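Fold and geometry: a report
Now for the letters of each chain:
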Amino acid sequence: MTKIVNHWIGGKTAEGASGAYGPVTDPATGAVTTKVAFASVEEVDAAVAAAKDAFATWGQSSLAQRTTILFRFRALLDAHRDEIAELITAEHGKVHSDALGEVARGLEIVDLACGINVQLKGELSTQVASRVDVASIRQPLGVVAGITPFNFPAMVPMWMFPIAIATGNTFVLKPSEKDPSAAIRIAELLAEAGLPDGVFNVVHGDKVAVDRLLEHPDVKAVSFVGSTPIARYIHTTASANGKRVQALGGAKNHMLVLPDADLDAAADAAVSAAYGSAGERCMAISAVVAVGGIGDTLVDKIRERAEKIKIGPGDDPASEMGPLITKAHRDKVASYVEGAAAEGAEVVLDGTGYTVDGYEDGHWIGISLLDKVPTSAKAYQDEIFGPVLCVLRAETYEEGVALINASPFGNGTAIFTRDGGAARRFQMEIEAGMVGVNVPIPVPVGYHSFGGWKDSLFGDHHIYGNDGTHFYTRGKVVTTRWPDPADAPAGVDLGFPRNH
């Protein structure tokens, strides 16, 4: 029997009422294993209404109550991490160890939310004028929404909702319809932890559900992670409807390798960052820029390592890389490799014909490595989101930086070098939101914020960290004067208020 994934509204399962469903496949076999209900406008409205009703009390709840529930949720999430990882592997295809790592990184943000009382302390200035005090406080927005991608079905939602609910908001999540089960299991664990009904809701669906969240008058803010075209649409549409928006888009992350770098370490890093999670992550290194005469040696070292990667089903402990999420995505990724030579690139490794015995209908693609890729090639210009690594050549550091800065994306980047002066110069000159120095995937820890520049971010706030707290709250300044009993009546004064 095919499994059915329904919505989660008002603290319980809500069976799909629209009659529309989407298929969820096992990427290793290509078989449809699950149907996910697609929400109608009325079902989205029901989720927002449940969240709005819950906000009336949750927004006034004490910090102690909120963090107590989050501590319990953290313990449950930790206890069930293997189970959630198995759900991710079954629907996304990534190997179990990678799925476990995703849950662990999500737990970092739950940790941050458990200590949200420190972030919400506010500020106080006393005696700014005679017996006048000024306090700055932060308050929740109300109902907020998250729209999340398929590549991290547990981690990315946890970049959003823990901070949102810790700061007093209520949340409506629209996860990817390609791998929806992890979101529902998380909702069940939140309920088990004692989260009041309606504080966290999940609606599945397509553009109908997304557009209703973007236009609904009771949704005060929208968080999004996905491709750049959709991020731009989310930002434009939600902003036009008066909402606060953080929309994280796509990437083309570069790794600049200088001639003095440890080339073995650089090759290890390039392979790990390009092919981990089958390249389906926005922080994957997809372009290596080799400076000076090291290009041939570096490419040889990358090829030697890449050829040894074990590709297979995500639930096989021997597998290091799994299949891609859908057949359509697999075919799109393959098209970049198949067209690379005609655009001037040298195809060092071609993974487009890869299959796994016994799993011939899975969404398989092998490792691809393209060298001497011109910047005009589609394989360089587009975010491929698959296990394809492009190598470009630059004569000098300056030429390499100019090449990277010319990209419309500015998510993450890295430099590999032993030269501290060059590394410091790079981190100041490069136009990207996250920079690694001998670190290929510089995803910040939870108490710093994640976000890119240029076409990789639309909106003023990065995600989680201090930016996350500010995004989900709004500031208020309170000026107070308490008269002293001995004061004579001040009388009317139409002049500008004095503080001297």
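Sequence positions are assigned chain by chain, starting from 1 and proceeding in written order. In keeping with the model being predicted, local features are shown solely for residues with a pLDDT of at least 70 and side-chain atom pairs are shown and tallied solely at 80 or more, while totals for entire chains, interfaces and linings include all residues. Computation of side-chain values covers all heavy atoms of the structure but excludes hydrogens and water.

An unreviewed UniProt entry lists the chain under the name methylmalonate-semialdehyde dehydrogenase (CoA acylating), from Streptomyces sp. 900105245.

In this structure, Q127 takes a positive phi of about 55 degrees despite not being glycine. With respect to the helices and strands, the residue Q127 is situated in strand β6 (residues 123-129). Throughout this description, buried means an accessible area under 20% of the type-specific maximum (1.4 Å probe, protein chains only), exposed means over 50%, and partly exposed covers the range between. Of the residues examined, Q127 reaches a relative accessible area of 51% and is grouped as exposed. In DSSP terms, a helix is any run of H or I states spanning at least four residues, a strand is any run of E spanning at least two, and both are numbered starting from the N terminus.

Under the UniProt annotation, the feature "domain: Aldehyde dehydrogenase" (unreviewed entry) is placed at residues 22-478. Split by type, residues 22-478 is 40% helix and 22% strand. Its first and last C-alpha atoms lie 50 Å apart. UniProt positions are given in the numbering used here, feature names are shortened, and annotations may be inferred rather than shown by experiment.

Residues enter patches when their relative accessible area tops 30% and they take part in no salt bridge; the joining distance is 9 Å for like charges and 5 Å for the nonpolar side chains Val, Leu, Ile, Met, Phe, Trp and Tyr. To be clear on the numbers: accessible area is Shrake-Rupley with a 1.4 Å probe, and residue cover counts the displayed protein chains and nothing else. Whenever Lys or Arg places a side-chain nitrogen within 4 Å of a carboxyl oxygen from Asp or Glu, that contact is recorded as a salt bridge. Charged residues are defined here as Lys and Arg on the positive side and Asp and Glu on the negative side; His and the ends of the chain fall outside this count. Each charge is placed at NZ for Lys, CZ for Arg, CG for Asp and CD for Glu. Taken together, the side chains of D82, E86, D315 and D316 define an acidic patch exposed on the protein surface. Looking at the secondary structure, you find E86 in helix α3 (residues 81-92).

The next subject is the packing of helix α2 (residues 63-79) against helix α4 (residues 96-114). Interaxial angles span 0 to 180 degrees and are taken between N-to-C directions of axes, which are lines fitted to C-alpha atoms, for helices over the stretch in contact. Where α2 contacts α4, the two axes come as close as 9 Å, and the packing angle between them is 165 degrees. When the axis of α2 is compared with that of α4, the two are roughly antiparallel. Helix-helix and strand crossings are classified by hand; for α2 and α4 the assignment is left-handed. For the pair formed by α2 and α4, the contact residues are T67, L70, F71, F73, R74, L77 and D78 on the first element and V103, L107, V110, D111, A113 and C114 on the second. Comment on the angle field: the value is read as roughly parallel under 35 degrees, roughly antiparallel over 145, roughly perpendicular from 65 to 115, and oblique elsewhere. With the far helix as reference, a near helix turned anticlockwise by less than a right angle produces a left-handed crossing, and one turned clockwise produces a right-handed crossing. Any pair of residues with heavy atoms lying within 4.5 Å of one another is described as a contacting pair.

Right, let's talk about the sheet that holds strand β15 (residues 346-349) for a bit. Two strands are counted as paired when DSSP detects at least two bridges linking them. With mixed pairing, seven strands are arranged side by side in an open sheet as β15-β16-β17-β14-β13-β19-β20. Both outer strands of the open sheet, β15 and β20 (434-437), are each paired with one neighbouring strand and no more. The mean inter-strand angle of the sheet, taken between neighbouring strand axes irrespective of direction, is 20 degrees. Inspection of the sheet shows strand β19 (residues 412-416) paired to β20 by four bridges, in the parallel sense. By the bridge assignment, I415 is partnered in β20 with V437. Each of β13 (253-257), β14 (285-291), β17 (388-394) and β19 touches helix α14 (residues 397-405); the most contacted strand, β13, lies at about 180 degrees to it. Packing of helix α15 (residues 420-429) onto the sheet brings it into contact with β13, β19 and β20, and relative to β19 it is tilted by some 165 degrees.

Let's shift gears to the side chain of H216. Among the structural elements, H216 can be located in the loop between α8 (207-215) and β11 (219-225). Accessibility expressed as a relative area gives 6% for H216, which makes it buried. In terms of polar contacts, H216 uses its side chain to reach the side chain of D45, at 3.5 Å. Discounting chain neighbours no more than four positions away, the residues touching H216 are D45, V48 and K243. We call two N or O atoms a polar contact when they sit within 3.5 Å, provided that within protein one can donate a hydrogen and the other can accept it, with sequence-adjacent residues counted only if both atoms are side-chain atoms.

So, about the sheet that holds strand β7 (residues 132-140). With respect to topology, three strands assemble into an open sheet ordered β6-β7-β23, the strand pairing being antiparallel. In this open sheet, the two strands that pair with only one neighbour each are β6 and β23 (473-481). On average, each strand axis in the sheet is tilted by 25 degrees relative to the strand beside it, whichever way the strands run. Across nine bridges, β7 lies against β23 in antiparallel orientation. Among the inter-strand pairings, P140 is bridged to a residue of β23, identified as T473.

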